[in-house]
Amino acid sequence: MTERVGFSLGRVGTVAANTFVESLRQKVYNILIIFALVVIASASFFSQFTFSEQLKFVKDFCLGAVSVFGTLIAIVGTAQLLPAEMESRTIYTILAKPVRRVEFLLGKYCGSLLLIFLSLVMMSLMFGAALLFKESRLVADVRHDTHISTEEAATTITRIHQEARDGDLVKGVALTFVKLSLLAAITLLFSTVSTSMVFNVAMGFMAFFAGHLRASVAEMMGQGRLVRWLLTIVPDLGAFNVADDIILGNAIPWSHVAQVALYGVSYTAVVVVVAYLVFADREM
Amino acid sequence: MRGKLIAVGLLLALAAVMMPLESRIHAQRAELKFGGSGMTMAMRDRVGQEMAIGLLAGFRGVVADFLWIDNHGYFERREWLRMYRNMELCTTLQPQSVTFWDVGSWHMGWNIAYASRIDPANHTQAEGIKREREWQDKAKDFLTQGLVYIPHRWELYFAMADLYWRKFKTPCQARDYFQRAAQFKEAPSYCLRMYVRRVEDCDGPRAAYDVWRKRWHDGNPEPSSDGIDMKNVMRRELHRLEELLDIPASQRLISSPHA
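Residues numbered from 1 in each chain as written. Chains lettered and ligands numbered in written order. Predicted model: local features only at pLDDT ≥ 70, side-chain atom pairs only at ≥ 80, totals over all residues. Heavy atoms only, no water.

1. Section: the overall build of chain A
Move 1: Regarding its fold elements, chain A presents 12 helices and 0 strands.
Move 2: When the helices and strands of chain A are listed from N to C terminus, the series reads α-α-α-α-α-α-α-α-α-α-α-α.
Move 3: For chain A, with 284 residues in total, the buried portion stands at 52%.
Move 4: Residue pairs at least 24 apart in sequence account for 81% of intrachain contacts in chain A once pairs closer than 6 positions are excluded.
Move 5: Within the structure as shown, chain A displays about 13000 Å² of accessible surface, and the carbon and sulfur contribution to it stands at 67%.
Move 6: On chain A, the mean spot of the 22 positive side-chain charges and the mean spot of the 21 negative ones are 9 Å from each other. (Helix = DSSP H or I, 4+ residues; strand = E, 2+ residues; numbered from the N terminus. Buried < 20%, exposed > 50% of the residue type's maximum accessible area, 1.4 Å probe, protein only. Contact = heavy atoms within 4.5 Å. Areas by Shrake-Rupley, 256 points an atom, 1.4 Å probe, with all protein chains shown as cover. Lys, Arg positive; Asp, Glu negative; His and termini not counted. Charge placed at Lys NZ, Arg CZ, Asp CG, Glu CD.)

2. A look at the overall build of chain B
Move 1: Counting secondary structure elements, chain B contains 12 helices and 0 strands.
Move 2: Of the regular secondary structure in chain B, the N- to C-terminal order runs α-α-α-α-α-α-α-α-α-α-α-α.
Move 3: Relative to its length of 259 residues, chain B is extended, with a C-alpha radius of gyration of 26 Å against a globular reference of 18 Å.
Move 4: Overall, the C-alpha framework of chain B stretches about 100 × 55 × 25 Å when taken along its three principal axes.
Move 5: Residues counted as buried form 46% of the 259 residues belonging to chain B.
Move 6: For chain B, the share of sequence-separated contacts (at least 6 apart) that also reach a separation of at least 24 residues comes to 55%.
Move 7: If you sum the accessible surface of chain B, you get close to 13300 Å²; carbon and sulfur atoms cover 53% of it. (Rg over C-alpha atoms; globule rule 2.2 N^0.38 Å.)

3. Section: the interface of chain A and chain B
Move 1: At the junction of the two partners, chain A supplies 55 residues and chain B supplies 57 residues.
Move 2: The interface formed by chain A and chain B includes 2 salt bridges.
Move 3: Between Asp65 of chain B and Lys56 of chain A there is a salt bridge, with its nearest N and O atoms 2.7 Å apart.
Move 4: Counting across the interface, chain A meets chain B through 11 residue pairs in polar contact (both at pLDDT 80 or more).
Move 5: For the side of chain A that touches chain B, the elements supplying multiple residues, two or more each, are α3 (51-79), α7 (150-164), α9 (197-221), α10 (225-231), α11 (243-247) and α12 (254-281) of chain A.
Move 6: A per-class count over the side of chain A that touches chain B returns 25 nonpolar, 18 polar and 12 charged. (Salt bridge = Lys/Arg side-chain N within 4 Å of Asp/Glu carboxyl O. Polar contact = N/O pair within 3.5 Å; in protein donor to acceptor, adjacent residues only side chain to side chain. Nonpolar A, V, L, I, M, F, W, Y, C, P; charged D, E, K, R; others polar.)

4. Considering the state of the cysteines
Move 1: As enumerated under the stated definition, the model contains 1 disulfide over all chains in all.
Move 2: Between the sulfur of Cys172 of chain B and that of Cys202 of chain B lies a disulfide, 1.9 Å long from S to S. Judged by the torsion about the S-S bond (100 degrees), the Cys172 of chain B/Cys202 of chain B disulfide is right-handed. Of this pair, Cys172 of chain B sits in helix α9 (residues 171-182) while Cys202 of chain B sits in helix α10 (residues 189-203); the two residues are 30 residues apart in sequence, bridging distant segments of the chain.
Move 3: A residue is classified by how much of its surface remains accessible, and Cys172 of chain B, at 35% relative accessible area, is partly exposed.
Move 4: Here Cys90 of chain B stays free of any disulfide, with the sulfur of Cys62 of chain A as its closest cysteine sulfur at 19 Å. (Disulfide = S-S within 2.5 Å.)

5. Some points on the packing of helix α11 (residues 205-217) of chain B against helix α12 (residues 230-245) of chain B
All names here are of chain B.
Move 1: The contact between α11 and α12 brings their axes to 10 Å, and the two run at 145 degrees. Taken as a pair, α11 and α12 cross one another with a handedness that is left-handed. Residues Pro205, Arg206, Ala208, Tyr209, Trp212, Arg213, Arg215 and Trp216 of α11 touch α12, and the partners they reach there are Lys231, Val233, Met234, Arg235, Glu237, Leu238, Leu241, Glu242, Leu244 and Leu245.
Move 2: Broken down by class, the residue content of the contact of α11 with α12 amounts to 11 nonpolar, no polar and 7 charged. (Axes fitted to C-alpha atoms, helices over the stretch in contact; angles between N-to-C directions. Left-handed = near helix turned anticlockwise from the far one by under 90°.)

6. So, empty space enclosed by the protein
Move 1: Tallying each qualifying case throughout the model produces 2 cavities of 30 Å³ or more.
Move 2: There is about 190 Å³ of room inside the largest cavity.
Move 3: As for the largest cavity, its lining consists of 19 residues, of which Leu63, Ser67, Asn241 and Ala243 of chain A together with Gly58 of chain B are closest to the centre.
Move 4: Among the residues making up the lining of the largest cavity, the classes are represented as 9 nonpolar, 7 polar and 3 charged. (1 Å grid on protein atoms, 1.4 Å probe; cavity = no way out; pocket = protein on both sides within 12 Å on 5 of 7 lines; lining within 4 Å. Points joined across faces, edges and corners; volume = space filled by probe spheres on them.)

7. What about the environment of Leu163 of chain B?
All names here are of chain B.
Move 1: With respect to the secondary-structure elements, Leu163 resides in helix α8 (residues 155-167).
Move 2: Distance from Leu163 to Ile228, taken between C-alpha atoms, is 25 Å for residues 65 residues apart in sequence.
Move 3: Contact partners of Leu163, with chain neighbours within four places excluded, come to Gly109, Trp110, Gln136, Ala139, Lys140, Leu143 and Phe168.

8. Focus: helix α7 (residues 125-149) of chain B
Move 1: Its 25 residues place the ends of α7 of chain B 37 Å apart at the C-alpha level, agreeing with the 36 Å of an ideal helix rising 1.5 Å per residue.
Move 2: The inward-facing, buried residues of α7 of chain B abut α5 (80-93), α6 (98-117), α8 and α9 of chain B. (Expected span 1.5 Å × (residues − 1).)

9. Notes on the packing of aromatic side chains
Move 1: Under the definition given, this model contains 19 aromatic pairs over all chains.
Move 2: With centroids separated by 5.9 Å and ring planes inclined at 70 degrees, the aromatic side chains of Phe35 of chain A and Phe69 of chain A adopt a geometry described as edge-to-face. Of the two residues, Phe35 of chain A sits in helix α2 (residues 27-42) while Phe69 of chain A sits in helix α3, which places them 34 residues apart along the sequence.
Move 3: For Phe35 of chain A, a relative accessible area of 51% translates into the label exposed.
Move 4: Residue classification places Phe69 of chain A among the buried positions, given a relative accessible area of 8%.
Move 5: Centroid distance Trp154 of chain B to Phe158 of chain B: 6.0 Å. Interplanar angle 75 degrees. Geometry classified as edge-to-face. Like Phe158 of chain B, Trp154 of chain B is buried.
Move 6: Through a chain of ring-to-ring contacts, the aromatic side chains of Trp154, Phe158, Trp165, Phe178 and Tyr190 of chain B assemble into a single cluster.
Move 7: When the ring centre of Phe279 of chain A is taken as reference, the NZ or CZ atom of Arg101 of chain A above it lies at 5.6 Å. (Phe/Tyr/Trp six-rings, centres within 6.5 Å; stacked < 30°, edge-to-face > 60°. Lys NZ or Arg CZ within 6 Å of the ring centre and 35° of its normal.)

10. Some words on unusual backbone geometry
Residues and elements named next belong to chain B.
Move 1: Within the chain, Arg78 stands out as a residue other than glycine whose phi angle is a positive 60 degrees.
Move 2: By the element assignment, Arg78 lies in the loop between α4 (60-76) and α5.
Move 3: Here Arg78 falls in the exposed class, since its relative accessible area comes to 54%.

11. A look at the pattern of salt bridges
Move 1: If you walk through the whole model with that rule in mind, you get 24 salt bridges over all chains.
Move 2: The structure contains a network of salt bridges with shared partners spanning Arg197, Glu200, Glu237 and Arg240 of chain B.

12. A few points about α6 of chain B
All names here are of chain B.
Move 1: Taking 1.5 Å as the rise per residue, α6 with 20 residues should run 28 Å; its terminal C-alpha atoms sit 27 Å apart, in good agreement.
Move 2: Along its length, α6 reaches its greatest deviation from straightness, about 35 degrees, at His107.
Move 3: Taken across its 20 residues, α6 has 15 buried, putting it largely inside the fold. (Bend = angle between axes of the 7 residues up to and from the residue.)

The following block contains the structure:
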């Protein structure tokens, strides 16, 4: 007679920690994150423009790089989780122990989330450093400019500080994290169906592009209820793009951030449940 | 099999649940005027394949920035029309960018206009002046369009006022735009000062004096966004105008420009 094992968060945590450490040891991840940090740091070398242009370029470039490298890490990092376990056959050893499939899958997903979070923190810190560096250079340039009056210099320096120290950028990074979590969940769903990592990565990117194209497709196909309903199966990733508007100085209310985050988290939860249902049915 | 069927059912149910939330998010984005115009075939032809992929992937800001950087090359090669079309494209991609409208109009109204006037290809001096005026008009139209998208910031009102004042030499129109710029709390102190100076040019020193006088009686002004003490500015300007208008000492508000 077999005894049914209850759900344990501890086992989820163990699998997550193990997944996280394993991912950190991967060369692909290390190369990606080093490259991301170098790209972000290089953003501070935009020059020959007005200070508004330079600060806009730095912010756009850095947040763009955070999004690109975050997407790469989320998709590539998650796509190889299950295929790697199957290829090395460690999944059979783990599931033969009192570890439920739901715990295993959740642990893998949470490990991937930790990796995405750590990457975002590192890239954001580098972004902050690039912005501070650019700000200090611009302020120094204004102080050394002998063609402007003291009053004008003071006004320009105040404007540089205002534009460089924009607290709303945190909202942009937070929503990027929610978007990457959703992309990781979608990639996890594909990896429960296929054992090919290349296929999973390709499908992850397809989902990324489809999510961004959704608004355009909806515009082209009209606003019919059936069309809208069918399109809702694909998440609208464009909704998470508030970074452009933050950089342009538009006020982003917290209520909007909360709504978009709720949208992303709800999607992610359902996709993870669907991934579990597929994984639970799968023959090993 | 049962699990897979439930999974498909869940995904379909998700669509029904998500529709109202999505509609709310889209409505809020429209209300907040987020994003720019959608991708069109004309835009695709002008941005090139790589940039189009960037646009489709949601990197509108980065694409607009790289296109804007191209302006530098057009400027150095004196390819004014290409530069103009490029600036138009950038503002189509990011119509909420103050920088693009502001710097774009400055290029048109100042740099390109001047370069067109002194262009050796002009047959007569009059042709140069005509071409200069055409670019200044373009700058004005560009700013007018920008103000449709960004009426809630002071920068474009200031740029328009500056254009009217320094290029079209029409202080009365400049006065109106400086006044609108000065009404914003975030506007730097010079907006107000320049507004009253244009009141002086347009309506005479007495009118300018009345503006400062009213503000003086309104009480202690808050420091402006650039940290300049407006009380000192008012003191200086009132004293200058009282001297200019030769106001009797007994009626003066300021006996000395220094406190």
